[in-house]
Amino acid sequence: MRHSWWGILFLVALVGVVYLLDAVLMPFIAGLILAYLADPLTNYFQRLGLKRVWAVSSVFLILLLVLAISLLILIPLVIQQIKQLGEMVPGVFDWVENYLAPQVQEWTGYDLRSELDNVQETLAENWRDAGSYLAQALGQIGRSGMAFATWVTYVALIPVVTFYLLLDWNRLLNNLIDLIPRHWVDDATRLAKRCDEVLAAFLRGQLLVMLCLGIIYAVGLTLMGLNFGLLIGVISGLVSIVPFLGFIVGLSSALVVALFQFDSWWALLGVLGVFSLGQVIESVVLQPKLLGDKIGLHPVAVIFAVLAGGNLFGLTGVLLALPAASVIMVLLKEVKERYQNSALYDETLESTLPPHELGLQDKRESS
């Protein structure tokens, strides 16, 4: 019982430290997550014969090349399409007001134009507010040079922390195992492996699935000539962190753009074909190869964990949300298994049996 109290006190102290050092912990938590994600690739390079320091350096070189290519190619194209989308918004409103609204009113009797006017007024007000907020934020940044420099320093610390954590990853894990009380080592190691399976299945597997789906959607929509195909593909891939949500958001957006751009059913069929192909590839290739039979986090658990973590601890809470959710899920499964193997669960099951079945069970036991 005394050991349980020590564990509770340690957990409370840990939560208090995270709450008090929210901003300071951000680069360290981000570096820890990145080191966890990059450790399998580093181990692969080590198995090829490289020393740990050269393996880590190779991983960083690959990441820097990927980041540089993405910044040079992807970001300018996305920004260009966002500008084009902003230029097309007035035309979209005109099309809805002059073509769609009369059709809707003729079919249903609903006056869509009045609602459209309200939407335009709301967007205009929020746009003005957003401009004033942006000006205030820029002014605050200019006045608070020290705060801005601190934020830049935190961001610059992330790769440094990641490098040193990745360099000493195995030694850190061994040191943590040595700190665990000896009579808890077996259970703690078993639970840690289960947490790693859950978290790896979601972070490493789902992130790769997101990347592949974003590429499939962006390339497919761009090849069929759809405006903002790259932008829709990128957004769909990012939103795919929750399974099926990226498919729903991307398909809905692409269908609206295709209807407005081509005004043809063939374009709608082309969009359906692109997203259907993405779903088939995800189900047949991506999920079995990247996730396998591992059990990841439930989509509802992902949404709740991210929102709760951000509300409680800010950006640090968002970074800690998925690891914490995976640990909690594994612990809940452990509690469930122990409960089902306990005498309390057996007694509850026996008490729910009908009387005649209890009599048959007693006869079998006596015989």
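Residues numbered from 1 in each chain as written. Predicted model: local features only at pLDDT ≥ 70, side-chain atom pairs only at ≥ 80, totals over all residues. Heavy atoms only, no water.

**A few points about the packing of helix H8 (residues 229-239) against helix H9 (residues 245-262)**
- At a closest axis distance of 7 Å, the pairing of H8 and H9 adopts a crossing angle of 160°. Put simply, H8 runs roughly antiparallel to H9. Pair H8 / H9 crosses with right-handed handedness. On H9, the residues that touch Ile232, Ser236 and Val239 of H8 are Leu245, Gly246, Val249, Gly250, Ser253, Ala254 and Val257.
- Class assignment for the residues of the contact of H8 with H9 results in six nonpolar, four polar and no charged. (Axes fitted to C-alpha atoms, helices over the stretch in contact; angles between N-to-C directions. Helix = DSSP H or I, 4+ residues; strand = E, 2+ residues; numbered from the N terminus. Parallel < 35°, antiparallel > 145°, perpendicular 65-115°, else oblique. Left-handed = near helix turned anticlockwise from the far one by under 90°. Contact = heavy atoms within 4.5 Å. Nonpolar A, V, L, I, M, F, W, Y, C, P; charged D, E, K, R; others polar.)

**Some details on the nonpolar core**
- One finds Leu221, Leu226, Ile232, Ala254, Val271 and Phe275 to be the most contacted residues of the largest nonpolar core, which totals 22 residues.
- Mapped by element, the contributors of at least two residues to this core are helix H7 (185-223), H8, H9 and helix H10 (265-291).
- By size, the runner-up hydrophobic cluster in this structure holds 18 residues, among which are Phe45, Val59, Leu166 and Leu199. (Core = buried A, V, L, I, M, F, W, Y, C linked by side-chain atoms within 4.5 Å. Buried < 20%, exposed > 50% of the residue type's maximum accessible area, 1.4 Å probe, protein only.)

**With respect to the pattern of salt bridges**
- Considering all chains together, one arrives at eight salt bridges under this definition.
- The partner of Asp39 in a salt bridge is Arg52, and the shortest N-O contact between them spans 3.0 Å. Here Arg52 lies in helix H3 (residues 52-108) and Asp39 lies in helix H2 (residues 22-47), a separation of 13 residues in the sequence. Judged on exposure class, the residue Asp39 and its partner Arg52 are both buried. (Salt bridge = Lys/Arg side-chain N within 4 Å of Asp/Glu carboxyl O.)

**So, the side chain of Thr42**
- Summarising the element assignment, Thr42 is placed in helix H2.
- Overall, the relative accessible area of 0% leaves Thr42 in the buried class.
- At 3.0 Å, the side chain of Thr42 forms a polar contact with the backbone oxygen of Ala38.
- What Thr42 contacts, discounting residues up to four positions off in sequence, is Arg52, Ala55, Val56, Val59 and Leu166. (Polar contact = N/O pair within 3.5 Å; in protein donor to acceptor, adjacent residues only side chain to side chain.)

**Brief notes about H7**
- Look at H7: 55 Å from first C-alpha to last across 39 residues, which is about the 57 Å you get at 1.5 Å a residue.
- At Ala200, H7 shows its largest kink, close to 30°.
- Where H7 terminates, the next one or two residues include Gly225, which has phi positive at roughly 80°. (Expected span 1.5 Å × (residues − 1). Bend = angle between axes of the 7 residues up to and from the residue.)

**Let's talk about the packing of aromatic side chains**
- Counted by the stated rule, this structure contains six aromatic pairs.
- Both rings, one in Phe163 and one in Tyr164, keep their centres 5.6 Å apart while their planes meet at 90°; by these two values the pair is edge-to-face.
- Seen in terms of ring centroids, Phe247 and Phe275 are 6.1 Å apart; in terms of plane orientation they differ by 70°. Their pairing is edge-to-face. One end of the pair, Phe247, is in helix H9; the other, Phe275, is in helix H10, with 28 residues separating them in the sequence.
- Judged by its relative accessible area of 23%, Phe247 falls in the partly exposed class.
- For Phe275, a relative accessible area of 0% corresponds to the buried category.
- Members of the aromatic cluster, connected to one another through ring pairs, are Phe60, Phe163 and Tyr164. (Phe/Tyr/Trp six-rings, centres within 6.5 Å; stacked < 30°, edge-to-face > 60°.)

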